[in-house]
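Summary of structural features
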Amino acid sequence: MTAPEPLVELTTTVNGEVVTATVPARLHVADFLRQRLGLTGTHVGCEQGSCGMCTVVVDGEAVKSCLMLACQLDGRNVQTVESLAVDDELNPLQQCFKEQHALQCGFCTPGMLMTATALAHQGGHPSREEIREEIAGVLCRCTGYENIVTAIERYFAESVERPADEAAASLPGGAR
Ligand code: FES
Ligand code: FES
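Quick notes on the rules
- Going along each chain's sequence as written, the residues are numbered from 1 onward.
- For this description, chains carry letters from A and ligands carry numbers from 1, given in the order in which they are written.
- Local features in this predicted model are restricted to residues of pLDDT 70 or higher, and side-chain atom pairs are both shown and tallied only at a pLDDT of 80 or more, whereas totals for entire chains, interfaces and linings draw on every residue.
- The basis for every side-chain value is the complete set of heavy atoms in the structure, and neither hydrogens nor water enter the calculation.
- UniProt positions are given in the numbering used here, feature names are shortened, and annotations may be inferred rather than shown by experiment.
- The term salt bridge refers to a pairing of a side-chain nitrogen on Lys or Arg with a carboxyl oxygen on Asp or Glu at a separation within 4 Å.
- Secondary structure elements follow DSSP: runs of H or I no shorter than four residues count as helices, runs of E no shorter than two count as strands, and numbering proceeds from the N terminus.
- Buried means the residue's accessible area, taken with a 1.4 Å probe over protein chains only, is under 20% of the maximum for its type, while exposed means over 50%, and partly exposed covers the values in between.

Where an unreviewed UniProt entry is consulted, the chain appears under the name Carbon-monoxide dehydrogenase small subunit, with the organism given as Geodermatophilus ruber. Here is the UniProt Pathway (unreviewed entry) comment for the chain, exactly as written: "Alkaloid degradation; nicotine degradation."

This paragraph deals with the pattern of salt bridges. Tallying each qualifying case throughout the model produces seven salt bridges. The shortest N-O distance in the salt bridge between Arg26 and Glu5 comes to 3.3 Å. Taken together, the residues Arg26 in the loop between strand E2 (17-24) and helix H1 (29-36) and Glu5 in the segment before strand E1 (7-14) connect sequence positions 21 residues apart. Between Glu99 and Arg154 there is a salt bridge, with the nearest N and O atoms lying 2.4 Å from each other. Taken together, the positions of Glu99 in helix H2 (residues 92-99) and Arg154 in helix H5 (residues 145-161) put the pair 55 residues apart, joining distant regions of the chain. When its relative accessible area of 23% is taken as the criterion, Arg154 is described as partly exposed. A single salt-bridge network, built from bridges that share partners, covers Arg128, Arg132, Glu146 and Glu153.

Pasting the structure below:
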């Protein structure tokens, strides 16, 4: 008879809300978000770190959530795609995706948005080449890369034009 899987307690902040849970030690973050918290905006593709569909932001960094255990979230800050729109209003990054037609089937879109969000958390204004490099870990099976890169480039270009506090407020996951 196999021993029952050990359970682990964790307290984490997800999209600004403190969450306490008891989870199996081997539960990964993507399943925790989707199955325990109902945050199904985080998509799951390969579950082995190759496709990037499951990318979320943990403490400001893009993380493939199928490669991280939920118990590792203890004490950390998680941001998922659900945090971006407020009251059904798209945030500036999502708006750029919409206006640049940066999605086709949309399956990779949460991963792309959260990768770009992590890039925005780093500050600065990445070049097109740097944006390409950053999103290289997220595969778009519809091959819509040109428009995706243009949307992210436009987001950063427009953030230069926004006044400082407005830009901070509209930073994905920033002060609101
Ligand atoms: S589902 Fe996580 S990288 Fe593919
Ligand atoms: S829009 Fe279909 S996978 Fe990227």
